[in-house]
Amino acid sequence: MESSEEDGGVPLSRMAEWRDVTPLRQDDGPNPVVPITYKEEFRETMDYFRAIYKADERSPRALRLTRRAIHLNPGNYTVWHFRRLVLEALNTDLDEELDFIQRIANSNSKNYQLWHHRRWVIERLGSNARSKELHLIKSILSLDAKNYHAWSHRQWVLQALGGWEDELDYCRQLLEQDIFNNSAWNQRYFVVTRSPFLGGLPAMRASEVRYSVEAIVVNPNNECPWRYLRGLYKDDIESLVNDREILSICLKVINTKSDYIFALKMLLDLLCYGFQPSQELRDAVVALWTSDTRPLDADLATAICDILEHVDSLRASYWIWRKNKLRIAA
Amino acid sequence: MGELAVDKHVQYIVSIDKKKDSFESVVMDHLRMNGAYWGLTTLDLLGKLDSINAGEVVSWTMECQHESGGFSGNIGHDPHILYTLSAVQVLALFNKLDVLDIDKVATYIAGLQNEEGSFSGDMWGEVDTRFSYIAICCLSILRCLDKINVEKAVGYILSCKNLDGGFGCTPGGESHAGQIFCCVGALAITGSLHHVDKDLLGWWLCERQVKSGGLNGRPEKLPDVCYSWWVLSSLIMIDRVHWIDKEKLVKFILDCQDLENGGISDRPDDAVDVFHTYFGVAGLSLLEYPGLKAVDPAYALPVDVINRIFFGR
């Protein structure tokens, strides 16, 4: 939160414009022990706001006051509400409103009220606001590429106003910066499945599998592309089991003998779906087992569970449960 | 392993209530109803709810109710579904639900349901699965879930289910532990958990545990004490909590305490706040840390409060 940028921080009580208003104090408790200057500005602004709000005064000075109050405390949802009422009453230029929000967006990028207010404005401006909006969201994401509010808003803009054409490429750019960005992977899926220009999941699957595999090669311990791969096959288990590229990457990662947890998990899932492993695959898994005291189980799926219980010990209970489930299924 | 500094945390919460004119308090003025819920529930879980004057809290709460039936975050603010749930929860803690005109509150909430089953936060129309949970939880506590279209509400929540088994804020939104808690909680309360792929979601949730023992809310993010609640309660509701390392999580939460001044922070050595204090203590309760009251994972209230509501006096 910052001190008010407007009016040079001059107290409202000293402005001629506000002479006719009696500020309303919060009726709450004893005076603070150590008030400091900018806290005073905040308290005074809110006292004047309360007066205007109670009087339901929807004037230009009320608009200015809500701006001041928002600068001082952007979390106050009542101030945002009232600002909307005033904007409606005054029929204000909403392009200017976008500029106002943009100025405070950077330091308030996780504020629900700000994003919702932005959406309210965009709804009124329509598709003319589209490219400006997509651009603003990009600038917020450049500061924090996982900002949940920004992504949620971006999805809404795309669906309400369009702009899909460049989105897959935007995801690619973000993933180039950080291949671990789960939000970007999620957005990729969003675009692939919903963009009117790409032909849907079946049309995109092959290239997306290749993309995921490339990401896995670089960082096999990255949760995201593994989940993404699984997601590409949705309910089409048969195609998943028969995808040579997926089998190939599992084998490749397992053979490196490092960062193989997700690869083993994928293989375990495939086995449970009925995949018949080759001898090469079996040998690769067996080679991971380093215990002298205990031989690896003859059943490959069980063996994988044992390995994972050992190397992913934080989730040992999960792997034991998977193993027990195998027995029940057998 | 460290210990839970119960007395310090009680002192911390009680002092927040007293420091109404502190700068922090004034700035958080608009969400005081949430703060009250977090602080009071924590006190109850610690067995110290009587540290607070129930009468004062109840009358202040009722002053926050508007004509529409909804509650605001504080006196002088507009109503919102967020604060309506917190108000009802606060009254439930003090066994004062009978001061409510239940019909009035229920009408407010039912009025926020949209065509396709989703819920808006208030008259301004923001939609989010958080609000679906809030509506369902609140109406369930008030024993009038029939005021809304439950089938459509469930349908909307399911439309927010992602391929990783998780849920986002709106259809297509990234799976996020907070949103997952809301969706799973709502599904649990409406008896619709069979729609959840518990194995798939359970694995996504247990993957939230990182080396330090803490839990994050999404892949490749930092751990935060509040996820000790959202991830944990979700795991419990789908009966998969044994998939995380409980001991390590307990240690993480205890390390987030401010042992000198009381309170719990998001991660070790950060500043404390009542929000994280609540989620830390509630998380410990779910982990069956000794000396704490049991907490209901779906309603986020002490189990004895829930029993009182559903099984009568």
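Residues numbered from 1 in each chain as written. Chains lettered and ligands numbered in written order. Predicted model: local features only at pLDDT ≥ 70, side-chain atom pairs only at ≥ 80, totals over all residues. Heavy atoms only, no water.

Topic: the overall build of chain A
Part 1 of the reasoning: Along chain A, the regular secondary structure elements total 17 helices and zero strands.
Part 2 of the reasoning: Here the C-alpha atoms of chain A give a radius of gyration of 28 Å, more than 25% beyond the 20 Å that 2.2 N^0.38 yields for 330 residues.
Part 3 of the reasoning: C-alpha atoms of chain A, sized along the principal axes, occupy 90 × 50 × 35 Å.
Part 4 of the reasoning: Out of the 330 residues in chain A, the part that is buried amounts to 54%.
Part 5 of the reasoning: Taking contacts inside chain A between residues at least 6 apart in sequence as the whole, the part at least 24 apart equals 63%.
Part 6 of the reasoning: Put simply, chain A shows about 15400 Å² of open surface, and 49% of that area lies on carbon and sulfur atoms.
Part 7 of the reasoning: Side chains of chain A give 43 positive and 47 negative charges; the mean places of these two sets differ by 2 Å. (Helix = DSSP H or I, 4+ residues; strand = E, 2+ residues; numbered from the N terminus. Rg over C-alpha atoms; globule rule 2.2 N^0.38 Å. Buried < 20%, exposed > 50% of the residue type's maximum accessible area, 1.4 Å probe, protein only. Contact = heavy atoms within 4.5 Å. Areas by Shrake-Rupley, 256 points an atom, 1.4 Å probe, with all protein chains shown as cover. Lys, Arg positive; Asp, Glu negative; His and termini not counted. Charge placed at Lys NZ, Arg CZ, Asp CG, Glu CD.)

Quick word on the overall build of chain B
Part 1 of the reasoning: Secondary structure summary: chain B contains 14 helices and two strands in total.
Part 2 of the reasoning: Its C-alpha radius of gyration of 18 Å places chain B within 12% of the 20 Å reference for a compact globule of 313 residues.
Part 3 of the reasoning: Projected onto the principal axes, the alpha-carbon positions of chain B cover approximately 50 × 45 × 40 Å.
Part 4 of the reasoning: Evaluated residue by residue, chain B yields a buried proportion of 64% over its 313 residues.
Part 5 of the reasoning: A sequence separation of at least 24 residues applies to 66% of the contacts in chain B between residues at least 6 apart.
Part 6 of the reasoning: Here chain B contributes 26 positive and 42 negative side-chain charges, whose respective centroids are spaced 3 Å apart.

Observations regarding the interface of chain A and chain B
Interfaces are frequently sized by the accessible area removed from exposure as the parts join.
Part 1 of the reasoning: Contact with chain A, which involves 51 residues of that partner, is made by 52 residues of chain B.
Part 2 of the reasoning: With both sides pooled, the region where chain A packs onto chain B buries about 4600 Å², and carbon together with sulfur makes up 54% of that total.
Part 3 of the reasoning: Contact with chain B buries surface across chain A, with A:Y77, A:Y148 and A:L314 losing the most and accounting together for 17% of the total.
Part 4 of the reasoning: Joining chain A to chain B, the criterion identifies three salt bridges.
Part 5 of the reasoning: Between B:D199 and A:K325 there is a salt bridge, with the nearest N and O atoms lying 3.2 Å from each other.
Part 6 of the reasoning: Between chain A and chain B we count 25 residue pairs in polar contact (both at pLDDT 80 or more) in total.
Part 7 of the reasoning: Elements represented by at least two residues in the side of chain A that touches chain B include exactly helix 1 (37-55), helix 3 (77-90), helix 5 (112-125), helix 7 (148-161), helix 9 (182-194), helix 11 (223-232), helix 14 (261-272) and helix 17 (316-329) of chain A.
Part 8 of the reasoning: Taken together, the residues of the side of chain A that touches chain B break down into 20 nonpolar, 17 polar and 14 charged. (Buried area = accessible area lost by both parts, 1.4 Å probe. Salt bridge = Lys/Arg side-chain N within 4 Å of Asp/Glu carboxyl O. Polar contact = N/O pair within 3.5 Å; in protein donor to acceptor, adjacent residues only side chain to side chain. Nonpolar A, V, L, I, M, F, W, Y, C, P; charged D, E, K, R; others polar.)

Description of the pattern of salt bridges
Part 1 of the reasoning: Applying the stated criterion across every chain, the model contains 38 salt bridges over all chains.
Part 2 of the reasoning: A salt bridge links A:E41 to A:R68; its shortest N-O distance comes to 3.9 Å. Here A:R68 lies in helix 2 (residues 60-72) and A:E41 lies in helix 1, a separation of 27 residues in the sequence. Of the two residues examined, A:E41 and A:R68, each falls in the buried class.
Part 3 of the reasoning: The salt bridge partner of A:E223 is B:R208, with a shortest N-O separation of 2.8 Å. Placement of the pair is A:E223 in helix 11 and B:R208 in the loop between helix 10 (198-206) and helix 11 (226-237), with the two residues belonging to separate chains.
Part 4 of the reasoning: A:E223 sits in the buried class, given a relative accessible area of 6%.
Part 5 of the reasoning: Within the structure, one salt-bridge network assembled from shared partners comprises A:R294, A:D306, A:E309 and A:K323.

Observations regarding helix 6 (residues 130-143) of chain A
Along an α-helix, residues three or four apart share an orientation, since each turn contains 3.6 residues.
All names here are of chain A.
Part 1 of the reasoning: A rise of 1.5 Å per residue sets the reference length of helix 6, with its 14 residues, at 20 Å; its end C-alpha atoms lie 21 Å apart and thus fit the reference within 8%.
Part 2 of the reasoning: Residues E133, L134, L136, I137, I140 and L141 constitute the buried set of helix 6. The buried residues of helix 6 occupy one face: seen down the axis, they fall within an arc of 160°. For helix 6, the exposed residues lying more than 90 degrees away from the buried face are S131, H135, S142 and L143.
Part 3 of the reasoning: Here the buried face of helix 6 lies against helix 4 (94-105), helix 5, helix 7 and helix 8 (167-177). (Expected span 1.5 Å × (residues − 1). Arc of directions from axis to C-beta.)

A few points about the confidence of the model for chain B
Part 1 of the reasoning: With 97% of its residues at a pLDDT of 70 or more, chain B shows a mean pLDDT of 95.
Part 2 of the reasoning: Here the predicted complex carries an ipTM of 0.93, next to a pTM of 0.93. (pLDDT = per-residue confidence, 0-100.)

Considerations on the packing of helix 9 (residues 177-189) of chain B against helix 11 of chain B
Residues and elements named next belong to chain B.
Part 1 of the reasoning: Running from amino to carboxyl end, helix 9 crosses helix 11 at an angle of 35°, the nearest separation of the two axes being 9 Å. Between helix 9 and helix 11 the crossing geometry is left-handed. Only Y227, W229, W230, V231, S233, S234 and M237 of helix 11 make contact with helix 9, whose side of the interface consists of A177, G178, I180, F181, V184, G185 and A188.
Part 2 of the reasoning: Its residues placed into classes, the contact of helix 9 with helix 11 shows 10 nonpolar, four polar and no charged. (Axes fitted to C-alpha atoms, helices over the stretch in contact; angles between N-to-C directions. Left-handed = near helix turned anticlockwise from the far one by under 90°.)

Describing the packing of aromatic side chains
Part 1 of the reasoning: The final tally for this structure, using the stated rule, is 27 aromatic pairs over all chains.
Part 2 of the reasoning: For the ring pair A:F262 and B:W203, a centre distance of 6.5 Å and an interplane angle of 70° mean the geometry is edge-to-face. Of this pair, A:F262 sits in helix 14 while B:W203 sits in helix 10, placing the two residues on different chains. For the pair A:F262 and B:W203, one class covers both residues: buried.
Part 3 of the reasoning: Taken together, the ring pairs in this structure connect B:Y37, B:W38, B:Y133, B:F181, B:Y227, B:W229, B:W230, B:F275, B:Y278 and B:F279 into an aromatic cluster.
Part 4 of the reasoning: Directly above the ring of B:W203 sits A:K265, whose terminal nitrogen or CZ lies 3.5 Å from the centroid. (Phe/Tyr/Trp six-rings, centres within 6.5 Å; stacked < 30°, edge-to-face > 60°. Lys NZ or Arg CZ within 6 Å of the ring centre and 35° of its normal.)

Considerations on unusual backbone geometry
Part 1 of the reasoning: Positive phi, normally seen in glycine, also occurs at A:K234, with a value near 35°.
Part 2 of the reasoning: Relative to the helices and strands, A:K234 is located in the loop between helix 11 and helix 12 (237-242).
Part 3 of the reasoning: Even without being glycine, B:D239 reaches a positive phi, approximately 60°.
Part 4 of the reasoning: On the secondary structure map, B:D239 appears in the loop between helix 11 and helix 12 (246-255).

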